[in-house]
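Understanding the architecture of this molecule
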Amino acid sequence: MWTDLVATPLFGITLTLVVYLLAQHFYRRVSSVWANPVLVSIVTIILLLKGSGVEYRDYARGGDIILFLLGPSVVALAVPLYQRREEIWKRKRPILIGVFAGSLISIVSACGLAWILGGSREIVLSLAPKSVTTPIAISIVEKIGGVAPLTAAIVVLTGCLGAVCGPEFCRRIGVTSPVATGLAVGTAAHGIGTARMFEVDRLSGAVAGLAIGLNGLMTTFLLPVLMVISGY
Amino acid sequence: MIRGLTLLLLFQLCGEFVSRVLDLPIPGNVLGMGLLLLGLLTNVVDIKWFEEAADILLSNMALFFVPAGVGVMVYGNLIASEWIPISVATVLSTFVVMAVTGKLAQKLETPEQDNVD
């Protein structure tokens, strides 16, 4: 009976919501960036599934329904972008240059470090689109010959890291403007970082959302060029 | 809420359609965001139709990533096989990108703001 029940979408949806609400509650009480509700929920659910022997594909029946809402959420990023269009348009130059630099540095530093540390070709290529939103990262990595599931995992880890540390890190290095902060976290940590920025500041969130699209476009076109130049 | 969500899904569907027909490397939801922005800027659609649904979705966007993160568990072995280059490159590169983008954007932004103020 239990095995039948965990294979219904009800199980995955309820588990995700219960754990997320508890994680939010926990986050409010401990006030540490590492208690980030997304990170805590992911770790808790993985441990619960491993501990109880429930298969990931059973959880995913419900999980995928929650994940589906990410699609219309990405479309909805156009709304704050439109609402803050004047403030954003006024800063088009820093935004475009900032994302371009971030996109270039992301590819070069991720691949360069992995290569220096003796990573195999597959690993190096799978790391290239790590700061790009998952669907774009997957299509990029399939074209250049990396391992798509590995890229998906790296992209999520990058997003969690940027969401957890991004706002605090920016403040510590003296980046205080809401536009620059949103741009930094959105460029480095795509959607997960953007979701975090919306909790901090609406303008930062809007700019981070823009950075997802821009970084995706720039990486798509930059990466093949860099591969030709470096001869990798 | 339902009207807003329906319209958002329609834009996503249009984005998916364009992405597939033109065989673009850009996913349908990102194209959908571009199409909606275009629709708003050209007054084809009214921002009021979307505000409520967008607000609900965006303030809960973090939740929607949880199942994607749980998916990482399936690739645990793949990551474990070369975890040093993967983790070092991911962590350092993420901080470097934030520092470069944040610092550069703030530096370029400041003189423009002075003109405005």
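Just so you know, these numbers come straight off a predicted model, no measurement behind them.

1. As for the overall build of chain A
When helices and strands are counted, chain A shows 13 helices and zero strands. Along the chain direction, N to C, the helices and strands of chain A fall in the order α-α-α-α-α-α-α-α-α-α-α-α-α. What you see for chain A is a C-alpha radius of gyration of 19 Å, in line with the 17 Å of a compact globule of 232 residues. Within the span of chain A, comprising 232 residues, buried residues form 54% of the whole. By sequence separation, contacts in chain A at least 24 residues apart represent 61% of the contacts at least 6 residues apart.

2. Looking at the domain arrangement of chain B
Domain boundaries assigned for chain B yield domain 1 (1–64) and domain 2 (70–117). For domain 1 of chain B and domain 2 of chain B, the distance between their C-alpha centres works out to 26 Å.

3. A few points about the domain arrangement of chain A
Interface size is commonly expressed as the accessible area that is lost once the parts come together. All names here are of chain A. As assigned here, chain A comprises domain 1 (2–68) and domain 2 (79–230). A separation of 26 Å is found between the C-alpha centroids of domain 1 and domain 2. Residues belonging to the side of domain 1 that touches domain 2 are distributed by class as follows: four nonpolar, one polar and no charged.

4. Notes on helix 11 (residues 148–172) of chain A
Residue and element names in this part refer to chain A. Here helix 11 spans 34 Å end to end across 25 residues, near enough to the 36 Å set by a 1.5 Å rise per residue. At G166, helix 11 is deflected by roughly 50°, the largest bend along its length, and proline P167 occurs up to four residues later in sequence. Of all 25 residues in helix 11, 20 are buried; the element is thus mostly enclosed. Of the residues one or two after helix 11, G174 is the one with positive phi, at around 90°.

Basis of the calculations
Residues numbered from 1 in each chain as written. Chains lettered and ligands numbered in written order. Predicted model: local features only at pLDDT ≥ 70, side-chain atom pairs only at ≥ 80, totals over all residues. Helix = DSSP H or I, 4+ residues; strand = E, 2+ residues; numbered from the N terminus. Rg over C-alpha atoms; globule rule 2.2 N^0.38 Å. Buried ≥ 20, exposed ≤ 12 C-beta atoms within 10 Å, placed from the backbone. Contact = placed C-beta atoms within 7 Å. Domains from an automatic or database assignment. Nonpolar A, V, L, I, M, F, W, Y, C, P; charged D, E, K, R; others polar. Expected span 1.5 Å × (residues − 1). Bend = angle between axes of the 7 residues up to and from the residue.

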